[in-house]
Amino acid sequence: MTAISSNTRIQIKGYLEGFIQGLIDEYKGREILKPDNAEEYLSRFSSKGELKPFQAALIPPALIRINQFERGLSTRLGNSIEECARLIALEYHQKARRGYDVKADVSLAAFAEAERQKENYESSTKTGKAKPTLEKMIAAVLQLRRSNDLERKSVRTDLYILAKDGTEYFLEIKAPKPNKGQCLEVTQRLLRFHLLRGQSRPQVKAYYAMPYNPYGETKADYKWSYAKNYMPFNDAVIIGSEFWNIVGGETAYQELLEIYLEVGNEKSKHMLDTLAFGFE
């Protein structure tokens, strides 16, 4: 049995085709002039600070345009992954929403405690002290709730899933090589999701979700030090198949990648013809 139905597969493929075509249309018209000589290039002006005289001297304009396209695609790839995850999750769960705002009247003392827990985690990492688990951090935040200091708060999650058994997932879908600040910020957000819902695990499950593992197949293969040191990695992070299993079952990851491969193969000639050679 496949994880992605034929109908959802059609939706995902159509979305990806539009995603790629939109990028092609954006970059194909970019005029990149090869410098005639050093004096001419050095006289140019760029309001966006994009002048690169040594690269421009060595690299053909077509390759520069393709490189810009690839960087633009990489920057926006997360949006495509989020949308595909949403489409798959709709088959298996009650609800799946992107950019979901979690709102509630919460205790300001507890809200501030999430910040303090983040700071303590950073301090423990720097000093070599024992670091708390995510569950202990959640408990510390929930224990500080009061009824006399309530204020309306809202925190947005990348992907919200309400499972059929009532479990709520708050998934922060981020790149698999975050910096220190991103690790600490997401850790704080995970704590606040639990506070806004007023529940710990397993009723509410908030994760830093990495849609793929750049080091290998398993979580044990993962080596990025910032993520392993500046957030409760084992409890807070799901990576690769762990994430996709929650979204749509055991084979969802592989089936989705096959759709990406299919679209890539079908669009590859068009991408090269349009971006490198200027054919429409």
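Before going into details, it helps to say that this report is about the structure given with it. (Residues numbered from 1 in each chain as written. Predicted model: local features only at pLDDT ≥ 70, side-chain atom pairs only at ≥ 80, totals over all residues. Heavy atoms only, no water.)

## Section: the nonpolar core
- Counting residues in each nonpolar core, the largest one holds 37 residues, and the members touching the most others are Phe170, Leu191, Phe193, Leu195, Met210, Met231 and Val237.
- Elements with a minimum of two residues in this core: strand 1 (95–107), helix 5 (108–127), helix 6 (134–143), strand 2 (150–162), helix 7 (180–197), strand 4 (204–210), helix 9 (233–236) and strand 5 (237–239).
- Counting residues per element, this core draws most heavily on helix 7, at eight residues.
- Setting aside chain neighbours within four positions, we find Leu195 in contact with Val106, Ser107, Ala110, Phe111, Val141, Leu142 and Arg145.
- Core analysis: the second largest hydrophobic core is formed by 28 residues, Leu16, Ala85, Ala209 and Val263 among them. (Core = buried A, V, L, I, M, F, W, Y, C linked by side-chain atoms within 4.5 Å. Buried < 20%, exposed > 50% of the residue type's maximum accessible area, 1.4 Å probe, protein only. Helix = DSSP H or I, 4+ residues; strand = E, 2+ residues; numbered from the N terminus. Contact = heavy atoms within 4.5 Å.)

## Quick word on the pattern of salt bridges
- Counted according to the given criterion, the structure contains 22 salt bridges.
- Between Glu115 and Lys118 there is a salt bridge whose closest N-O contact spans 3.3 Å. Here Glu115 pairs with Lys118, and both are found in helix 5, just three residues apart, close to one helical turn.
- In this structure, Glu172 and Arg189 form a salt bridge, with 3.0 Å as the shortest nitrogen-oxygen distance. Remark: Arg189 occurs in helix 7 and Glu172 occurs in strand 3 (residues 168–173); sequence separation between them is 17 residues.
- Accessibility expressed as a relative area gives 1% for Glu172, which makes it buried. (Salt bridge = Lys/Arg side-chain N within 4 Å of Asp/Glu carboxyl O.)

## Section: the sheet that holds strand 5
- Strand order in this open sheet of five strands is 1-2-3-4-5, and the pairing throughout is mixed. This sheet does not close on itself; its edge strands, each paired only once, are strand 1 and strand 5. Along the sheet, successive strands turn relative to each other by an average axial angle of 45°, direction set aside.
- For strand 4 and strand 5, the ladder comprises three bridges, and the chain directions are parallel. Counterpart to Ala209 in the pairing with strand 5 is Ile238. (Pairing = 2+ DSSP bridges. Axes fitted to C-alpha atoms, helices over the stretch in contact; angles between N-to-C directions.)

## Some points on the packing of aromatic side chains
- In total, this model carries 11 aromatic pairs according to the counting rule given.
- Aromatic side chains Tyr222 and Phe233 sit 5.2 Å apart centroid to centroid with 15° between the ring planes, which places their arrangement in the stacked category. Of this pair, Tyr222 sits in the loop between strand 4 and helix 8 (225–229) while Phe233 sits in helix 9, and the two are 11 residues apart along the sequence. Phe233 carries the same exposure label as Tyr222, and that label is buried. (Phe/Tyr/Trp six-rings, centres within 6.5 Å; stacked < 30°, edge-to-face > 60°.)

## Some remarks on unusual backbone geometry
- A cis amide bond links Arg201 with the next residue in sequence, Pro202, at an omega value of 10°.
- Inspection of the secondary structure puts Pro202 in the loop between helix 7 and strand 4.

## Considerations on the environment of Glu262
- You can see Glu262 is positioned in helix 11 (residues 252–277).
- Among residues more than four places away in sequence, those in contact with Glu262 are Arg9 and Lys13.

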